[in-house]
Amino acid sequence: GMNVLLIVVDDLRPVLGCYGDRLVKSPNIDQLASQSIVFSNAYAQQAVCAPSRVSFLTGRRPDTTRLYDFYSYWRVHAGNYSTMPQYFKENGYVTMSVGKVFHPGVSSNYSDDYPYSWSIPPFHPSAEKYENAKTCRGKDGKLYANLVCPVNVTEMPSGTLPDIQSTEEAIQLLKTMTTKKQKFFLAVGYHKPHIPLRYPQEFLKLYPLENITLAPDSWVPQRLPAVAYNPWMDIRQRDDVKALNVSFPYGPLPEDFQRQIRQSYYAAVSYMDVQVGLLLNALDDAGLSNSTIIVFTADHGWSLGEHGEWAKYSNFDVATHVPLMFYVPGMTSSSAGRGEKVFPYLDPFSHISDLVLQGQSKKMVELVSLFSTLAELAGLQVPPACPKTSFSVALCTEGTSIVRYFNSTEEKLQEAEKDGCDDTYRGCNDEAIAFSQYPRPADTPQWNSDKPKLKDIRVMGYSMRTGDYRYTLWVGFDPSNFSANFEDIHAGELYMVKSDPNQDYNIYNNTLHDGLFKKLLG
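With an unreviewed UniProt entry as reference, the chain is termed Iduronate 2-sulfatase, source organism Nothoprocta pentlandii. UniProt's Sequence similarities (unreviewed entry) comment on the chain is quoted here verbatim: "Belongs to the sulfatase family." Per its UniProt entry, the chain bears the Subunit (unreviewed entry) comment "Monomer. The 58-kDa mature form is composed of two chains resulting from proteolitic processing, the 42-kDa chain and the 14-kDa chain that remain stably associated and form the 58-kDa intermediate form which is enzymatically active."

As structure tokens, this is what we get:
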């Protein structure tokens, strides 16, 4: 049996070299991608931290975890669902959590779901408590709690940053596991590029401001239903954004500041890439690269000015599209010889990328499939598919394993899908669909539109993404019994991927979409 290393990054949209981004310097993640199967169309089930993480860690959709905000623990509030790490633990693995894996707080019982999910108490970096403190030096020399926050690490409390501490802890755990004869499941959660964009200032050198463009569609689209818009309240609350006095809800932010946010997001990604590089290099040094499955993904994306929006909190691709890759020794890459390095550390300041991707799948896939996929890759019994209502079923998943896409060319897949079909969840001969959803408190942007509490949710946006389109329906929602009323349609969106890749021209009102409506209800 293989070990598992699961790397989850906070708020990372696929701005990576291996996803075709020309500006970013991400040599270590790209090197991992060159030995992995990379899914270019992977989507989160809800574009906010706690709901997304609880969804993919339990293998259930938000309507089943009943977590759309941050304020309930699924085992109490929905059902006593087994989690992916719990399943590995019950199958003889030592399970360990470093950094942000579950969202901390009530949604994971103030314990990151320990001891159910983890063999040892989860590790949180001590520097985490300064994340939102005034540690950003302004032009006047004073300290602020800014959004854009390049820092001198030596001046930080304890002279470090949370992700640096998480990498150090994960490396220590890998060293201890080499001496034990037990299989392990190690989950490492990185904070950056989550806001504040606080990272070592030298990473700015990689991204001169004159190379930074604005979003290709930095305006609010004319036909965007007001309910679909997220007013990016979390960034408005940072000191540097407050000082700009931007109007609510649509802004816009001054263009020079938009460039600075984009620059710092990229810089934070390169800083995180260095952490991943150090971690994978340590896996090599411990002699574990040939016996460890590595998954790299994110909980959701982050808008960088597209549609005049920032942050996550929407159903657009920029908020729901995530990187997803699987390194499986002997399957996605040939095994390395003795003493050969699979993941030598690459310095983003000097490395020139010569990226060659091994396998790439364009299939639409969902993070909710992670549980069953990892179980299958590790040779464990794949948990059964959930029945239509599964609140009382402890072990089942609502996401089918995607291992069947690993070794197949697109043509072979289409043939297989014509011949027969084992995908009970989706129905046969159907295009693959990725489902996402997002709650709103009202039909127009409010101060709590980004993160409504359960009791305030009045509208739910159900969205489906296929290779050809993104279709979203905003329908009435009753939080007292968690029910969506598809007869009470508040607004709709339809974007055609080929002609409108950025999702700027909503054609919902000038098309017939009975078929799509039926699929969404499916």
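Colleague: Sorry if this is basic, but what is going on with the pattern of salt bridges here?
Modeller: A side chain with one charge may pair with a side chain of the opposite charge, provided their charged atoms come close. Enumeration over the complete set of coordinates arrives at 15 salt bridges. Between Asp 317 and Arg 465 there is a salt bridge; the shortest N-O distance is 2.9 Å. Here Asp 317, found in helix H10 (residues 317-320), pairs with Arg 465, found in strand E15 (residues 459-465); they are 148 residues apart in sequence, far enough to count as distant. Here Asp 317 matches Arg 465 in class, with each residue buried.

Colleague: Can you help me understand the state of the cysteines in this one?
Modeller: Put plainly, a disulfide is one covalent bond tying together the sulfur atoms of two cysteines. Tallied over the entire structure, the rule returns two disulfides. Disulfide pairing is shown between Cys 386 and Cys 396; the S-S distance is 2.0 Å. Here Cys 386 and Cys 396 share a disulfide; its torsion about the S-S bond, 90°, makes the bridge right-handed. Linking Cys 386 in the loop between helix H11 (370-377) and helix H12 (410-419) with Cys 396 in the loop between H11 and H12, this pair joins segments that are ten residues apart in sequence. Unpaired in terms of disulfides, Cys 49 finds its nearest cysteine sulfur in Cys 149, a separation of 18 Å.

Colleague: Could you clarify how one ought to interpret the packing of aromatic side chains in this entry?
Modeller: Under the criterion given, the structure shown has 22 aromatic pairs. When the centroid spacing of 5.5 Å and the interplanar angle of 85° are considered together, the rings of Tyr 68 and Phe 477 count as edge-to-face. Here Phe 477 lies in strand E16 (residues 469-478) and Tyr 68 lies in the loop between helix H3 (62-65) and helix H4 (74-77), a separation of 409 residues in the sequence. Neither residue differs from the other here; Tyr 68 and Phe 477 are each classed as buried. Taken together, the aromatic side chains of Tyr 73, Trp 74, Phe 88, Tyr 93, Phe 102, Trp 118 and Phe 185 make up a single cluster linked through ring pairs. Of note, Arg 60 hangs over the ring of Tyr 81, and the distance from its end group to the ring centre comes to 3.8 Å.

Colleague: Teacher, can you tell me more about the sheet that holds strand E13 (residues 359-366) here?
Modeller: Sheet strands associate in pairs through backbone hydrogen bonding, adopting either a parallel or an antiparallel arrangement. Taken in spatial order, the seven strands line up as E3-E7-E1-E9-E12-E2-E13 in an open sheet, and their pairing is mixed. The outermost strands of the open sheet, each flanked by one partner alone, are strand E3 (94-99) and E13. Taking each pair of neighbouring strands and ignoring which way they run, the sheet shows an average axis angle of 15°. Where strand E2 (residues 37-43) lies against E13, six bridges are found, and the strand directions are parallel. Its bridge partner lying in E13, Asn 41 is registered against Met 364. In the packing of helix H9 (residues 255-285) onto the sheet, contacts are made with strand E1 (3-9), strand E7 (184-190) and strand E9 (292-298), and the angle to E1 comes to roughly 175°.

Colleague: Whenever I open this one, the nonpolar core confuses me. Can you help?
Modeller: Proteins that are soluble and globular tend to have nonpolar side chains buried together. Of all hydrophobic cores here, the largest spans 131 residues; its most connected members are Ile 7, Phe 39, Phe 185, Leu 186, Ile 261, Phe 296 and Phe 326. Not counting chain neighbours up to four residues away, the residues in contact with Ile 261 comprise Leu 147, Val 148, Leu 197, Ile 235, Leu 253, Trp 302, Leu 304 and Trp 310. With 19 residues, the next largest nonpolar core counts Tyr 68, Met 464, Leu 494 and Leu 520 among its residues.

Colleague: Please clarify how the side chain of Thr 83 should be interpreted in this entry.
Modeller: With respect to the helices, strands and loops of the structure, Thr 83 is situated in the loop between H4 and helix H5 (84-90). Relative accessible area serves as the criterion here: at 0%, Thr 83 is assigned to the buried category. Only 2.7 Å separates the side chain of Thr 83 from the side chain of Ser 117, close enough to count as a polar contact. Non-local contacts of Thr 83, meaning those with residues more than four positions away in its chain, are made with Leu 57, Thr 58, Trp 74, Arg 75, Phe 102, Asp 113, Ser 117 and Phe 371.

Colleague: Sorry if this is basic, but what is going on with the environment of Glu 169 here?
Modeller: Mapped onto the fold, Glu 169 is located in helix H6 (residues 162-179). The class for Glu 169 is partly exposed, based on a relative accessible area of 25%. Put simply, Glu 169 and Val 188 are 19 residues apart on the chain and 9.6 Å apart in space, counted from C-alpha to C-alpha. Those residues in contact with Glu 169 that sit more than four places away from it in its chain are Val 98 and Phe 123.

Colleague: What is the right way to read the packing of helix H1 (residues 27-34) against H9 from this model?
Modeller: Relative orientation and spacing of two packed helices are given, respectively, by the angle between their axes and the distance between those axes. The interhelical angle for the contact between H1 and H9, taken along N-to-C directions, is 50°, at an axis separation of 7 Å. One element, H1, and the other, H9, form an angle in the oblique class. Contacts between H1 and H9 involve Pro 27, Asn 28, Ile 29 and Leu 32 from the former and Met 272, Asp 273, Val 274, Val 276, Gly 277 and Leu 280 from the latter. Considering only residue class, the contact of H1 with H9 consists of seven nonpolar, two polar and one charged.

Colleague: What should I look at first to understand H11 in this one?
Modeller: Turn by turn, an α-helix covers 3.6 residues, leaving residues three or four places apart pointing in a common direction. For H11, a buried count of seven out of eight residues is recorded, marking the element as mostly surrounded by other parts of the structure. Buried residues of H11: Leu 370, Phe 371, Ser 372, Thr 373, Leu 374, Ala 375 and Leu 377, and no others. Gly 379 lies just past H11 and shows a positive phi near 80°.

Colleague: I tried to follow the sheet that holds strand E17 (residues 483-496) on my own but got confused; where do I start?
Modeller: The sheet built from four strands is open, its strands ordered E14-E15-E16-E17 with antiparallel pairing. Of all the strands in the sheet, the pair left with one neighbour each is strand E14 (434-440) and E17. Looking at each pair of strands side by side, their axes are set apart by 20° on average, direction ignored. As paired strands, E15 and E16 are joined by seven bridges and run antiparallel to one another. Its bridge partner lying in E16, Val 459 is registered against Gly 476. Along the sheet, helix H13 (residues 514-521) makes contact with E14, E15, E16 and E17, crossing E16 at roughly 60°.

Definitions and limits used
Per chain, residue numbering runs from 1 following the sequence as it is written. Given that the model is predicted, a residue must reach a pLDDT of at least 70 before its local features are reported, and side-chain atom pairs must reach 80 or more before they are shown or counted; all residues, however, enter totals for whole chains, interfaces and linings. Side-chain measures were taken over the full set of non-hydrogen atoms in the model, leaving aside hydrogen atoms and water. UniProt positions are given in the numbering used here, feature names are shortened, and annotations may be inferred rather than shown by experiment. Any carboxyl oxygen of Asp or Glu within 4 Å of a side-chain nitrogen of Lys or Arg constitutes a salt bridge here. Helix and strand assignments follow DSSP, with helices taken as H or I runs no shorter than four residues and strands as E runs no shorter than two, numbered in order from the N terminus. Only protein chains enter the area calculation, which uses a 1.4 Å probe; residues under 20% of their type maximum are buried, those over 50% are exposed, and those in between are partly exposed. Cysteine sulfur atoms that pair up within 2.5 Å are treated as a disulfide. Only Phe, Tyr and Trp rings take part, Trp by its six-membered ring, and two of them pair if their centres are within 6.5 Å. Stacked means planes under 30 degrees apart, edge-to-face means over 60, and tilted covers everything else. Note on geometry: a ring has a charge over it if NZ (lysine) or CZ (arginine) is within 6 Å of the ring centre and within 35 degrees of the ring normal. When DSSP locates at least two bridges between a pair of strands, those strands are taken to pair. Inter-axis angles, ranging from 0 to 180 degrees, are taken between N-to-C directions of lines fitted to C-alpha atoms, where helices are fitted over the stretch in contact. Contacts are assigned to residue pairs with any non-hydrogen atoms lying within 4.5 Å of each other. Among the buried residues, those of types Ala, Val, Leu, Ile, Met, Phe, Trp, Tyr and Cys that are joined through side-chain atoms within 4.5 Å form a nonpolar core. Here a polar contact means two N or O atoms within 3.5 Å. Within protein one must be a hydrogen donor candidate and the other an acceptor candidate, and residues neighboring in sequence count only if both atoms are side-chain atoms. Roughly parallel means an angle under 35 degrees; roughly antiparallel, over 145; roughly perpendicular, 65 to 115; everything else is oblique. We call Asp, Glu, Lys and Arg charged. Ala, Val, Leu, Ile, Met, Phe, Trp, Tyr, Cys and Pro are nonpolar, and the rest, Gly among them, are polar.

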